[in-house]
Amino acid sequence: MEGHTRKLLTIVTEAAVEATLLRDIERLGANGYTITDARGKGGRGVRNAGWEASSNIRIEVVCDTDTAAVIATYLQTHYYDNYAMILFVSDIDVLRPEKF
Amino acid sequence: MEGHTRKLLTIVTEAAVEATLLRDIERLGANGYTITDARGKGGRGVRNAGWEASSNIRIEVVCDTDTAAVIATYLQTHYYDNYAMILFVSDIDVLRPEKF
Amino acid sequence: MEGHTRKLLTIVTEAAVEATLLRDIERLGANGYTITDARGKGGRGVRNAGWEASSNIRIEVVCDTDTAAVIATYLQTHYYDNYAMILFVSDIDVLRPEKF
Amino acid sequence: MNVIDPIILFFLLGLVAGLLRSELRLPAAIYEFVSILLLLAIGLKGGVELAKQPFADLLPDMLAVVAMGFFLTLLAFPVLRFVGRFKRADAASIAAHYGSVSVGTYAVAVAYFGSRQITFEEHMPLLLVMLEIPAILVGIVLARGVSRQTRWSEVAHEVFLGKGIVLLVGGLLIGWAAGSDGLASIKPLFFDLFKGILALFLLEMGLLTATQMGGLRRYGLFLVVFGVGMPLCSSLVGIGLGLALGLSVGGTAMLATLAASASYIAVPAAMRISVPEANPTLSLGASLGVTFPFNVLVGIPIYYALAVWAHTFVGG
Amino acid sequence: MNVIDPIILFFLLGLVAGLLRSELRLPAAIYEFVSILLLLAIGLKGGVELAKQPFADLLPDMLAVVAMGFFLTLLAFPVLRFVGRFKRADAASIAAHYGSVSVGTYAVAVAYFGSRQITFEEHMPLLLVMLEIPAILVGIVLARGVSRQTRWSEVAHEVFLGKGIVLLVGGLLIGWAAGSDGLASIKPLFFDLFKGILALFLLEMGLLTATQMGGLRRYGLFLVVFGVGMPLCSSLVGIGLGLALGLSVGGTAMLATLAASASYIAVPAAMRISVPEANPTLSLGASLGVTFPFNVLVGIPIYYALAVWAHTFVGG
Amino acid sequence: MNVIDPIILFFLLGLVAGLLRSELRLPAAIYEFVSILLLLAIGLKGGVELAKQPFADLLPDMLAVVAMGFFLTLLAFPVLRFVGRFKRADAASIAAHYGSVSVGTYAVAVAYFGSRQITFEEHMPLLLVMLEIPAILVGIVLARGVSRQTRWSEVAHEVFLGKGIVLLVGGLLIGWAAGSDGLASIKPLFFDLFKGILALFLLEMGLLTATQMGGLRRYGLFLVVFGVGMPLCSSLVGIGLGLALGLSVGGTAMLATLAASASYIAVPAAMRISVPEANPTLSLGASLGVTFPFNVLVGIPIYYALAVWAHTFVGG
Ligand SMILES: Nc1ncnc2c1ncn2[C@@H]1O[C@H](COP(=O)(O)O)[C@@H](O)[C@H]1O
Ligand SMILES: Nc1ncnc2c1ncn2[C@@H]1O[C@H](COP(=O)(O)O)[C@@H](O)[C@H]1O
Ligand SMILES: Nc1ncnc2c1ncn2[C@@H]1O[C@H](COP(=O)(O)O)[C@@H](O)[C@H]1O
Ligand code: NA
Ligand code: NA
Ligand code: NA
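Note that the structure is a prediction, hence the values are computed from the model and not measured.

Caption draft 1: Geometry of the overall build of chain A. For chain A, the helix and strand inventory stands at 2 helices and 5 strands. Mapped from its N terminus to its C terminus, chain A presents α and β elements in the order β-α-β-β-β-α-β. The C-alpha radius of gyration of chain A comes to 14 Å, within 12% of the 13 Å expected for a compact globule of 100 residues. Reported as C-alpha extents along the three principal axes, the dimensions of chain A are approximately 45 × 25 × 20 Å. Here chain A holds 100 residues, and 66% of them are scored as buried. In chain A, the proportion of contacts linking residues at least 24 apart, taken out of those at least 6 apart, comes to 77%. Looking at chain A as shown, the accessible area adds up to about 3,700 Å², and 45% of this sits on carbon and sulfur atoms. Where the 11 positive side-chain charges of chain A centre and where its 14 negative ones centre are 5 Å apart.

Shown next, in the form of structure tokens:
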């Protein structure tokens, strides 16, 4: 396995913001994303009800270091103040670096 | 992106234990958590049915190194023997270190 | 916490291939796996409908470096051409190394 | 005739279970299923009746209701901003919730009137749709001004193609096209099960209301007072309009109920996107934690009594 | 009259599909939906009947049934511990499963009796609720002693505010408050669809039973024998109690069925939290892999026959 | 009699909402729930009728339909391969979709015939099951030859134990064993709600069709022409076979509908596993994006008209 290093950007945020957020992420250079439905608790309280206004999504984006930085900074500027959101980045190995 | 290093603690365990586990995690210093419903297979067999007794949850906690160690050790002592559970820790970069 | 290093292999692919893929993964040496239902977008388009033909799963396997390499290579050879699939590997710390 | 409708008891069951922190919860998929069925059923029922009268006759009512949506939002805003001392965005967002309408409250009123054989104008679902939207636009403008920044095409998409409107309008059109006979074959699902489905919906609403009451405690008395006082005022506006439009007693009471109800689905979603700096805990705490239970438990009978009174003394 | 009820065929379909490793599975949300409907329906039905008789008349039956719950658990424990040679925690946990009750089995019995026009005392759902809980408490004490360590307030919360109890008791109270007429409007969902919903539930139960049979194979013959023998013994206790309380033939048979049934929802959840060292594969293998199919396929007719026999020869 | 069935309007609502990119979507669990109910209902209904006639009488029809499944797949393949210039695997996969059958289309035809009081042979659900499978086998052989590589036992498992077949066959067997009277108690769920459930199903199918139309645009005109032309040809084969087997007018039209319909559940799943190099966007684009709406909106009436014509001029 000759892996290549990329970044995995994970975002947990409000389900209500899904469409807007995905548009932004793609515009900023992500080639893809994976979403799972989630619930949780953080600074803005418990978010675990069965309706959109109180449920979370968890988005993963595999991308290069620069794109990860661009997206993370953008989200910090445009979303952090107003939305329940956390974001973290980790190092991963991928097989087809050209994809990301 | 001026990231700060934190730990991501991931726990996969039985859905039945959710409430107790979350209480313990918060008591041990976690500021938040994210849960997704999951299924899987491990040493205690296949866990993928639609009822609580046989389904899994996947819990993520972003926290500092010490808290991660405290929680991991506590779960090892109090849950590993009796519950289907795995737990792993990885390094992540976060933007708002004060949050975790 | 005296952690031991292992690999976390994450696969996002088509729900249709679940049974076959799990069989292959176990045959290649994985001792377990965790699955969550997911949706997403990648090179093969948007995959987010409520029917199997257009939905994703996200599989995680905790294993040692060799097994991760074996599985990754096998999936690259046998699945990448024909299925919507991404795969990445990261380093994790585990508590019970003998399990994985 | 029972003092209390069983569907209300389901609401109370959910509320009590939620307050006692029971683990009871409807799965998200089921909550959506139940909502979809209610929205379609309300739309279908309205559509069948629409087919019976020329569309032009309905235009005055529709326009009047749109005007009421604008008016109620503009009425609530200054109270919230200057009496409640909320931030501009929060005041605008809460006002939009109260200028709009709650389909769940409407459904409870339908059940309440139905079991008392109170008739009302059957184009109410159309007015419901009309009343849902103006408040959202006013809310955004109140929060931002008519700024260039607001991506209005996005807002329009969010508002007009949101789940609720699509299902209500879709149901209306299908009911209108198919007519009463055409719908006979789907009646067992959409009409016969209506109140049972509504009972499940209210069970979950009770559980949700319980979660919102926590948020309320933090933000204090004003929201509680507003959450009871505003619907009472709005209902008077609704009754006035009902009289002016020459609606029946039932129709007047229903319009009062619509006016008094506060949105907790369409408006929160739109505000979250368009006025993100507004704190949703405030608006949902008020609309779901106070006004919804108030309307469902005591408001609807009050509005009906007011409508009877108004028709006797004013309209008579 | 059919030899075999169609709902039983749904159970067999699920069982066969599961054993053949078909990919068929009810989504988790649907399984919950179906369970919620059944629990509410059973509660509502019981509540309607409760309204008809003074509560004091029911107290003796309720207390007797609680005593039976204690007794059955204490009966099963030594057998499991000393004959089956299970660890203390495992014996206590399995005993608790058998001292408690299965709502699914009760629902099948209701359908079975219904299609044979066998009447039974209508406060059975109340006895069902009463019987669900004592076994859990005995099980915990058997496993731990009355230790300080047990967080009893947590246990109480888990037990009394678990989904099952809340829905059953909630249904009982709503049915009791609304009465038969009050429930007319929600009858189509909760009563008319009851057997269809039960069919879906049993389809999933068949699939679940199939998964539990794997676990059984590993733990051998004793559990299978116990899983058949224990309900037979318990049914005799139930019949004795039914006679003592002066229940009708149908009521006696129903009490026997309740006694014979083993929990697979409330007790597993409570044991998982309170006696975590007990292996759930053992208890679920027995209760779901052996006793549930046994009761549903052959037990219920046996218990009815026994009740008839007992009433003729003993009670007569 | 309405010009257009309300369930078709639900399909159009979904289609329009999807094309306008509304956020409306049925939760996955609800889509499965609705599918499960439809499959069981169709099976149950067929099973009840099967019980009325000796199985041997049905054998000729069953064998003939299997032969038709082989034939249609072999008919479509060369067209796709040599006229459409698709890769071997793609041509084989698309051919298999068209040689097989769509349960959704069948359900719409049942509703269409039902509301027009057109009777048809009641063992159609059995023929539906028969027709589902042969095309899959032919498709795999066309793609691969009868190679050793193909794990046939896996294919058989996938095909015979797939959700759809298990529920259809299970329903057939239960209906056959229980008979019409036996099913009375589950009729409210499976039969009375049938068309309402079908309406929800078609709403989601409209939304899915909209998503597939995007894929189509990329692959051009040929698939659209094929997606309309192939069902028209297949329907003629179906009508010919109906005449040959001596079916009624309704039965002939139904067989034509089955022949004309293209799979979008069982075959895609099987092809994805067994012929993974085939591009599912092509086959689903054609079957779901073109043929399903064509059949549902205009095909079924055409096939019925053809059957009437054929019976008058040929069969008469
Ligand atoms: N420390 C944490 N670890 C894991 N997830 C978290 C953490 N804090 C917050 N979250 C998730 O992020 C969401 C939004 O966080 P917040 O903005 O802090 O309310 C929560 O609902 C959780 O799902
Ligand atoms: N090697 C593994 N990789 C990923 N997930 C695992 C692994 N082993 C166990 N799991 C997950 O953890 C749960 C409990 O594991 P266990 O206690 O080994 O049965 C399983 O049901 C899986 O979801
Ligand atoms: N860059 C990415 N980041 C995260 N997930 C991705 C990415 N690319 C693809 N995926 C996921 O992998 C699935 C298959 O990818 P693909 O084969 O590229 O269509 C997609 O449906 C997404 O869920
Ligand atoms: Na209002
Ligand atoms: Na028992
Ligand atoms: Na066909």
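Caption draft 2: Region of the structure containing the site of ligand 2. Every one of the 19 residues lining ligand 2 counts as a neighbour, but Gly-43, Arg-44 and Asn-56 of chain B together with Val-62 and Lys-99 of chain C are closest to it. Near ligand 2, the surrounding residues belong to chains B and C. Between ligand 2 and Arg-44 of chain B there is a distance of 2.8 Å, counted from an oxygen atom to a backbone nitrogen or oxygen. A distance of 3.3 Å separates an oxygen atom of ligand 2 from a polar backbone atom of Tyr-33 of chain C. Computed on the free molecule, ligand 2 has an accessible area of 480 Å², of which 99% lies beneath the protein chains in the complex. Those elements giving two or more residues to the shell around ligand 2 turn out to be strand 2 (33-42) and strand 5 (85-94) of chain B together with strand 2 (33-42) and strand 4 (56-63) of chain C. Residues belonging to the shell around ligand 2 are distributed by class as follows: 8 nonpolar, 6 polar and 5 charged.

Caption draft 3: Summary view of the coordination of the sodium ion (ligand 4). Residues and elements named next belong to chain D. Within the protein, Tyr-98 (O), Ser-100 (O), Ala-259 (O) and Ser-261 (O) serve as the donor atoms for the sodium ion (ligand 4), at 2.4 to 2.5 Å. Of note, the donors binding the sodium ion (ligand 4) are all from one chain and are spaced Y-x1-S-x158-A-x1-S. You can see Ser-100 sitting in the loop between helix 4 (88-99) and helix 5 (103-115) and its partner Ser-261 sitting in the loop between helix 13 (249-260) and helix 14 (266-274), a full 161 residues away along the chain.

Caption draft 4: Expanded view of helix 4 of chain D. Residues and elements named next belong to chain D. Over its 12 residues, helix 4 runs 16 Å from end to end, which matches the ideal 16 Å to within 8%, given 1.5 Å per residue. Of all 12 residues that make up helix 4, 11 are buried, and the element is covered over most of its length. Within the sequence span of helix 4, burial applies to Ala-89, Asp-90, Ala-91, Ala-92, Ser-93, Ile-94, Ala-95, Ala-96, His-97, Tyr-98 and Gly-99.

Caption draft 5: How the structure looks around the interface of chain D and chain E. With 26 residues of chain D at the contact, the number on the chain E side is 27 residues. Overall, the association of chain D and chain E removes approximately 2,200 Å² of surface from exposure, summing both partners, and the carbon and sulfur fraction of that is 80%. For the interface between chain D and chain E, the tally reads 0 salt bridges. At the junction of chain D and chain E, the tally comes to 5 residue pairs in polar contact (both at pLDDT 80 or more). Counted by class, the side of chain D that touches chain E contains 18 nonpolar, 3 polar and 5 charged residues.

Caption draft 6: Local environment of the relation of the copies chain D and chain E. Taken as rigid bodies, chain D and chain E are interconverted by a rotation of 120° and an axial shift of 0.0 Å, the fit giving an RMSD of 0.0 Å. Overall, the copies show the geometry of a three-fold rotation axis. Ranked by how close their C-alpha atoms come to the rotation axis, the residues of chain D are headed by Ala-29 of chain D, at 3.7 Å. Take the interface residues of chain D: only 15% of them recur as interface residues in chain E, which is what a contact between different surfaces looks like.

Caption draft 7: Fine view of the confidence of the model for chain D. All names here are of chain D. Overall, the predicted model of chain D reaches an average pLDDT of 92, with 97% of residues at or above 70. Highest mean pLDDT in chain D belongs to helix 13 (98); lowest belongs to helix 8 (residues 152-160) (82). Prediction confidence for the complex, expressed as pTM and ipTM, is 0.94 and 0.94 respectively.

Caption draft 8: The arrangement of helix 7 (residues 134-144) of chain F in detail. Residues and elements named next belong to chain F. Of all 11 residues in helix 7, 8 are buried; the element is thus mostly enclosed. Taken together, the buried positions of helix 7 are Pro-134, Ala-135, Ile-136, Val-138, Gly-139, Ile-140, Leu-142 and Ala-143. If you follow the buried residues of helix 7, they end up packed against helix 3 (55-83), helix 4 (88-99), helix 6 (124-132), helix 8 (152-160) and helix 14 (266-274). Among the residues trailing helix 7, Gly-145 stands out with phi positive, at a value near 75°.

Caption draft 9: Quick look at the packing of aromatic side chains. Applying the stated criterion across every chain, the model contains 39 aromatic pairs over all chains. Plain terms: the ring middles of Tyr-31 of chain E and Phe-201 of chain E are 6.0 Å apart, the flat faces sit at 10° to each other, and that makes the pair stacked. Here the residue Tyr-31 of chain E occupies a position in helix 2 (residues 28-50), and Phe-201 of chain E occupies one in helix 11 (residues 194-219), the gap between them amounting to 170 residues. In this structure Tyr-31 of chain E comes out as buried when scored by relative accessible area, which is 4%. Taken together, a centroid distance of 6.1 Å and an interplanar angle of 20° make the contact between Phe-222 of chain E and Phe-226 of chain E stacked. Here Phe-222 of chain E and its partner Phe-226 of chain E are both found in helix 12 (residues 221-244), 4 residues apart, which amounts to about one turn of the helix. Among the aromatic residues, those joined into a ring-pair cluster are Phe-86, Tyr-98, Phe-222 and Phe-226 of chain D. A cation sits over an aromatic face here: Arg-116 of chain D above Tyr-112 of chain D, 3.8 Å from the ring centre.

Caption draft 10: Representation of the pattern of salt bridges in the model. Under the counting rule described, the total for this entry stands at 42 salt bridges over all chains. Between Glu-14 of chain C and Arg-272 of chain F there is a salt bridge, with its nearest N and O atoms 2.8 Å apart. Of this pair, Glu-14 of chain C sits in strand 1 (residues 4-14) while Arg-272 of chain F is found in helix 14, placing the two residues in two different chains. Taking relative accessible area as the criterion, Glu-14 of chain C reaches 3% and is therefore assigned buried. Salt-bridge contacts for Asp-192 of chain E lead to Lys-187 of chain E; the nearest nitrogen and oxygen are separated by 2.9 Å. Residue class for Lys-187 of chain E comes out partly exposed when judged on its relative accessible area of 38%. Through salt bridges with shared partners, a single ionic network connects Arg-58 and Glu-60 of chain A, Arg-58 and Glu-60 of chain B together with Arg-58 and Glu-60 of chain C.

Caption draft 11: Fine view of the site of ligand 3. In the neighbourhood of ligand 3, 19 residues make up the surrounding shell, with Val-62 and Lys-99 of chain A together with Gly-43, Arg-44 and Asn-56 of chain C lying closest. The local environment of ligand 3 is shared, drawing residues from chains A and C. Separating a nitrogen atom of ligand 3 from a backbone N or O atom of Gly-32 of chain A is a distance of 3.5 Å. Between ligand 3 and Val-62 of chain A, the relevant distance is 2.8 Å, taken from a nitrogen atom to a main-chain nitrogen or oxygen of the residue. Relative to its free-state accessible area of 480 Å², ligand 3 is covered by the protein chains to the extent of 98%.

Basis of the calculations
Residues numbered from 1 in each chain as written. Chains lettered and ligands numbered in written order. Predicted model: local features only at pLDDT ≥ 70, side-chain atom pairs only at ≥ 80, totals over all residues. Heavy atoms only, no water. Helix = DSSP H or I, 4+ residues; strand = E, 2+ residues; numbered from the N terminus. Rg over C-alpha atoms; globule rule 2.2 N^0.38 Å. Buried < 20%, exposed > 50% of the residue type's maximum accessible area, 1.4 Å probe, protein only. Contact = heavy atoms within 4.5 Å. Areas by Shrake-Rupley, 256 points an atom, 1.4 Å probe, with all protein chains shown as cover. Lys, Arg positive; Asp, Glu negative; His and termini not counted. Charge placed at Lys NZ, Arg CZ, Asp CG, Glu CD. Near = heavy atom within 4 Å. Polar contact = N/O pair within 3.5 Å; in protein donor to acceptor, adjacent residues only side chain to side chain. Nonpolar A, V, L, I, M, F, W, Y, C, P; charged D, E, K, R; others polar. Donors = N, O, S within 2.8 Å, 3.2 Å for Na, K, Ca; no water. Expected span 1.5 Å × (residues − 1). Buried area = accessible area lost by both parts, 1.4 Å probe. Salt bridge = Lys/Arg side-chain N within 4 Å of Asp/Glu carboxyl O. Least-squares fit on C-alpha atoms with pLDDT ≥ 70 in both. pLDDT = per-residue confidence, 0-100. Phe/Tyr/Trp six-rings, centres within 6.5 Å; stacked < 30°, edge-to-face > 60°. Lys NZ or Arg CZ within 6 Å of the ring centre and 35° of its normal.

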